[in-house]
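As a plain string of letters, each chain reads:
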Amino acid sequence: VGARDAALPPVEGVAGRVDRALRNFLETFAFFAAAAISVVVLERGDGATALGAQAYFWARLVYVPLYAAGIPYLRTVVWAVSLWGILQLLWALL
């Protein structure tokens, strides 16, 4: 019933990796959402932006289990694909 003001111990293992994957997702999702909405509002959508949005979505979906499993290099490649997806959207806005 308290305010839970005490610091919690750090989460470790799979739960810690999932927590870090969530935090990483939250850091990039705002950029993706802003870029995707801007592409739609400015009517700059084409095949490249559709591919970029799909690449971001699927890469982020695959990223979480890879991060949870602790697979380092493949996880980085998948993260790079999601970044490429955001860059495709931003490129259309130039």
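Everything here concerns the structure above.
Quick caveat, the model's predicted, so the values are computed rather than measured.

K.L.:
How would you summarise a nonpolar patch on the surface if you had to cite specific residues and measurements?
P.N.:
A grouping of F57, W58, L61 and V62 is seen on the molecular surface, where their side chains present a nonpolar patch of about 420 Å² in accessible area. Of note, V62 is situated in helix α2 (residues 47-69). V62 sits in the partly exposed class, given a relative accessible area of 40%.

K.L.:
Lay out the packing of α2 against helix α3 (residues 72-93) with the relevant residues and their values.
P.N.:
The axes of two packed helices give the description: the angle between them and the distance between them. Their axes nearest at 8 Å, the elements α2 and α3 cross at an angle of 155°. Here α2 lies roughly antiparallel to α3, going by the angle between them. Crossing handedness for the pair α2 and α3: left-handed.

K.L.:
Give a detailed account of the packing of helix α1 (residues 13-41) against α3, specifying residues and quantitative values.
P.N.:
Here α1 crosses α3 at 30°, and the two axes come no closer than 9 Å. On the basis of the axis angle, α1 is roughly parallel to α3. Viewed along their axes, α1 and α3 form a crossing whose handedness is left-handed. Contact residues: α1 offers N24, T28, F32, A35, A36, S38 and V39, while α3 offers W79, I86, L89, L90, A92 and L93. The residue makeup of the contact of α1 with α3, split by class, is 10 nonpolar, 3 polar and no charged.

K.L.:
Go over α3 with me, naming the residues and quoting the values.
P.N.:
Along its 22 residues, α3 runs 32 Å from first to last C-alpha, staying within 8% of the 32 Å computed at 1.5 Å per residue. For α3, the complete set of buried residues consists of V78, S82, G85, I86, Q88, L89 and A92. Each buried residue of α3 lies within a common arc of 145° when the element is viewed along its axis, so the set occupies one face. Relative to its buried face, α3 has exposed residues pointing more than 90 degrees away, namely Y73 and W91. Of the surrounding elements, those touching the buried residues of α3 are α1 and α2.

K.L.:
A description of the environment of I37 should follow, citing residues and the corresponding values.
P.N.:
Its location among the elements puts I37 in helix α1. Assessed through its relative accessible area of 54%, I37 is described here as exposed. A C-alpha to C-alpha distance of 9.6 Å links I37 and L89, two positions 52 residues apart in sequence.

Quick notes on the rules
Residues numbered from 1 in each chain as written. Predicted model: local features only at pLDDT ≥ 70, side-chain atom pairs only at ≥ 80, totals over all residues. Heavy atoms only, no water. Patch = residues over 30% accessible without salt bridge, like charges linked within 9 Å, V, L, I, M, F, W, Y side chains within 5 Å. Areas by Shrake-Rupley, 256 points an atom, 1.4 Å probe, with all protein chains shown as cover. Salt bridge = Lys/Arg side-chain N within 4 Å of Asp/Glu carboxyl O. Helix = DSSP H or I, 4+ residues; strand = E, 2+ residues; numbered from the N terminus. Buried < 20%, exposed > 50% of the residue type's maximum accessible area, 1.4 Å probe, protein only. Axes fitted to C-alpha atoms, helices over the stretch in contact; angles between N-to-C directions. Parallel < 35°, antiparallel > 145°, perpendicular 65-115°, else oblique. Left-handed = near helix turned anticlockwise from the far one by under 90°. Contact = heavy atoms within 4.5 Å. Nonpolar A, V, L, I, M, F, W, Y, C, P; charged D, E, K, R; others polar. Expected span 1.5 Å × (residues − 1). Arc of directions from axis to C-beta.

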